[in-house]
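Structural overview
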Amino acid sequence: MRFLGHIIVTGLALWVTALILPGMHLGDDSASALTQVLTIAAIALILALLNTIVKPILEFLTFPITCVTLGLFQLVINTLMLLLASWVSGLFDLTLAFDSFWWALVAGVIIGILSAIVEGVTGLGEGRGDRTHSAGA
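Throughout what follows, the structure given in this document is the object of discussion.

**What about the layout of surface pockets?**
The calculated volume of the largest pocket comes to roughly 450 Å³. What lines the largest pocket is a set of 17 residues, and nearest its centre among them are Thr10, Leu47, Asn51, Lys55 and Ser115. Mapped onto the lining of the largest pocket, the elements with two or more residues apiece are helix H1 (2-20), helix H2 (33-61), helix H4 (73-91) and helix H5 (101-122). Taken together, the residues of the lining of the largest pocket break down into six nonpolar, eight polar and three charged.

**Observations regarding the nonpolar core**
In terms of nonpolar packing, the biggest core is built from 24 residues, with Leu14, Met24, Leu26, Leu82, Leu96 and Phe98 touching the most fellow members. Breaking this core down by element, the ones donating at least two residues are H1, strand S1 (24-26), H2, H4, strand S2 (96-98) and H5. In terms of residues, this core owes the most to one element, H2, which gives seven residues. Discounting residues that sit within four places of it in the chain, Leu96 has contacts with Met24, His25, Leu26, Ile43, Leu82, Ala85, Ser86 and Ser89.

**What about unusual backbone geometry?**
The phi dihedral of Leu70 falls on the positive side, at around 55°, and the residue is not glycine. Structurally, Leu70 can be placed in the loop between helix H3 (63-68) and H4. For Leu70, a relative accessible area of 78% corresponds to the exposed category. With phi around 60°, Asp93 is a residue other than glycine that occupies positive phi space. In this structure, Asp93 sits in the loop between H4 and S2.

Quick notes on the rules
- Residues numbered from 1 in each chain as written.
- Predicted model: local features only at pLDDT ≥ 70, side-chain atom pairs only at ≥ 80, totals over all residues.
- Heavy atoms only, no water.
- 1 Å grid on protein atoms, 1.4 Å probe; cavity = no way out; pocket = protein on both sides within 12 Å on 5 of 7 lines; lining within 4 Å.
- Points joined across faces, edges and corners; volume = space filled by probe spheres on them.
- Helix = DSSP H or I, 4+ residues; strand = E, 2+ residues; numbered from the N terminus.
- Nonpolar A, V, L, I, M, F, W, Y, C, P; charged D, E, K, R; others polar.
- Core = buried A, V, L, I, M, F, W, Y, C linked by side-chain atoms within 4.5 Å.
- Buried < 20%, exposed > 50% of the residue type's maximum accessible area, 1.4 Å probe, protein only.
- Contact = heavy atoms within 4.5 Å.

Right, here's the structure in full:
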């Protein structure tokens with residue numbers, strides 16, 4: 001259930017970011033509303049799966065440079081995840097495209113901020129320890 005919540009939050013963040021940024025293209029503008037929603041949901045699922053499987057490996061491999069840059073390299077990792085999601089979604093004929101690396105970087109920042117806000121408000125951002133601690137009290 002929690003994973004589904006993260007996919008919904010990611011989909012909303014992707015949609016809002018695509019509305020804000022002219023350098024990010026999400027879905028086919030001429031498609032019906034249902035097709036747009038399904039496209040965004042599929043891309044959000046792809047991004048969530050990549051963040052679950054690939055991102056931890058990438059973070060482990062780049063840990064030294066992340067430490068040297070005081071965590072700023074995480075922005076590059078998030079950008080690479082978006083670009084990888086763009087490539088994978090293209091394999092399934094889903095449209096997620098960026099005009100340049102820099103648009104993907106800005107999109108990663110905006111998606112991260114929006115996701116953090118929504119997850120904080122809805123409670124999806126709480127860790128496992130918080131949930132078990134509150135259940136035991």
